[in-house]
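A structural walkthrough
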Amino acid sequence: MSAATTRSRARRAPALDRLCAEAVDLAREAAEEAAAPGVVGEYVEAVAEGDRVVTHFFECAEPGYRGWRWAVTLTRASRAKNVTLDETVLLPGPDALLAPEWVPWSERLRPGDMGPGDLLPTEADDLRLEPGYTGEDEPLPNSAVSEEMTDRADAEDAEFVSRTPSRGAIAAVADELGVRRARVLSRYGLHVAADRWEEAYGAKTPMAQAAPASCVSCGFLMAIGGSLGQAFGVCANEYSPADGRVVSLQYGCGGHSEAAVMPKPPRPAGPVLDSMAADEFPLHPTPSPGSVPTTSPDPSSDDLGHS
């Protein structure tokens, strides 16, 4: 037998065993025994897995397993007519409804997903962070307290005074300066934060495009420290959509402090006729100057009409 003939037989698919293929009832009984009543559906097909090994497939009628199939594998020994059960499993079919691929929680987490009591641990090699202060456990090679310098000093019988600050001293200085943090934002972390803030409250947002002016000239902008303070600030306008958020200096909204000055309301003029007050009329009017005075007649000079 040549090598080509051997390779062709190895590549040839196994033939479907007749006795195993005809044992459909045995396969269905095995599937119904493994599954719940009424879950095994219609018969699908039989597939040869090897010499005298055949797998029968049945539809799965259980809700939530659309496209899945019960697979029952039957086999028989060489020159034997007795078919035996190998295994019964539930397998997904070509169009089966499958769960999405598992994704680690660190990749599934999105901004705003954390709630009260949730903890978000950071990895030791997080690219967004870097050591907040120097002072590793091992001194530098050229340090006065390095092992190399110590061995040389012992060999030369020399003495020296170490001037290298210890880790505790550096931490004390950092605490005094108010920067005692184990890790701080790295340059990569700063760029990532800046890109995120620029996308949410930057110059290219629709609100900024329609704003009368940018935040760099707004009186409600609160400055922040650090290198990011050159491009960002915090909005303190309660009527702005970005109130309490970090905004780009090129961002803007209709609540700009200098967008429009509210004019003072005009004061109305005094009333021409006060209709609410009572008019005063004197009982004895004063004679006007230039008028002829009137005197009352003397009773003694009155003509009584007789002599």
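Refer to the preceding data block for the structure.
These numbers were taken from a predicted model, which means no experiment stands behind them.

**A short note on the pattern of salt bridges**
Per the stated rule, a full pass over the model turns up three salt bridges. Salt-bridge contacts for Asp-17 lead to Arg-76; the nearest nitrogen and oxygen are separated by 3.0 Å. Within this pair, whereas Asp-17 is found in the loop between α1 (3-11) and α2 (18-22), its partner Arg-76 is found in the loop between β3 (68-75) and β4 (84-92), the two being separated by 59 residues in sequence. Classification of Asp-17 by relative accessible area gives buried; the value is 10%. In this structure Arg-76 comes out as buried when scored by relative accessible area, which is 18%.

**Quick look at the sheet that holds strand β8 (residues 232-235)**
Overall, antiparallel pairing links the three strands, which are arranged β7-β8-β9 in an open sheet. Two strands lie at the open edges of the sheet, namely β7 (221-223) and β9 (246-248), each paired on one side alone. The mean inter-strand angle of the sheet, taken between neighbouring strand axes irrespective of direction, is 50°. Pairing of β7 with β8, which is carried by three bridges, proceeds in the antiparallel orientation.

**What to know about the layout of surface pockets**
Here the largest pocket is characterised by a volume of approximately 760 Å³. Lining the largest pocket are 22 residues, and of these Ser-106, Leu-109, Leu-120, Asp-126 and Arg-128 lie nearest its centre. Only α4 (105-108) and α7 (187-200) provide two or more residues apiece to the lining of the largest pocket. Each residue belonging to the lining of the largest pocket can be placed in one class, and the counts come to 12 nonpolar, four polar and six charged.

**Considering the state of the cysteines**
Applying the stated criterion to the full structure yields zero disulfides. Here Cys-235 is not disulfide-linked; the sulfur of Cys-253 is the nearest cysteine sulfur, at 5.8 Å. Exposure remark for Cys-235: the relative accessible area of 11% places this residue in the buried category. Since its relative accessible area comes to 9%, Cys-253 is described here as buried.

What counts as what
Residues numbered from 1 in each chain as written. Predicted model: local features only at pLDDT ≥ 70, side-chain atom pairs only at ≥ 80, totals over all residues. Heavy atoms only, no water. Salt bridge = Lys/Arg side-chain N within 4 Å of Asp/Glu carboxyl O. Helix = DSSP H or I, 4+ residues; strand = E, 2+ residues; numbered from the N terminus. Buried < 20%, exposed > 50% of the residue type's maximum accessible area, 1.4 Å probe, protein only. Pairing = 2+ DSSP bridges. Axes fitted to C-alpha atoms, helices over the stretch in contact; angles between N-to-C directions. 1 Å grid on protein atoms, 1.4 Å probe; cavity = no way out; pocket = protein on both sides within 12 Å on 5 of 7 lines; lining within 4 Å. Points joined across faces, edges and corners; volume = space filled by probe spheres on them. Nonpolar A, V, L, I, M, F, W, Y, C, P; charged D, E, K, R; others polar. Disulfide = S-S within 2.5 Å.

Geometry only, nothing functional implied.
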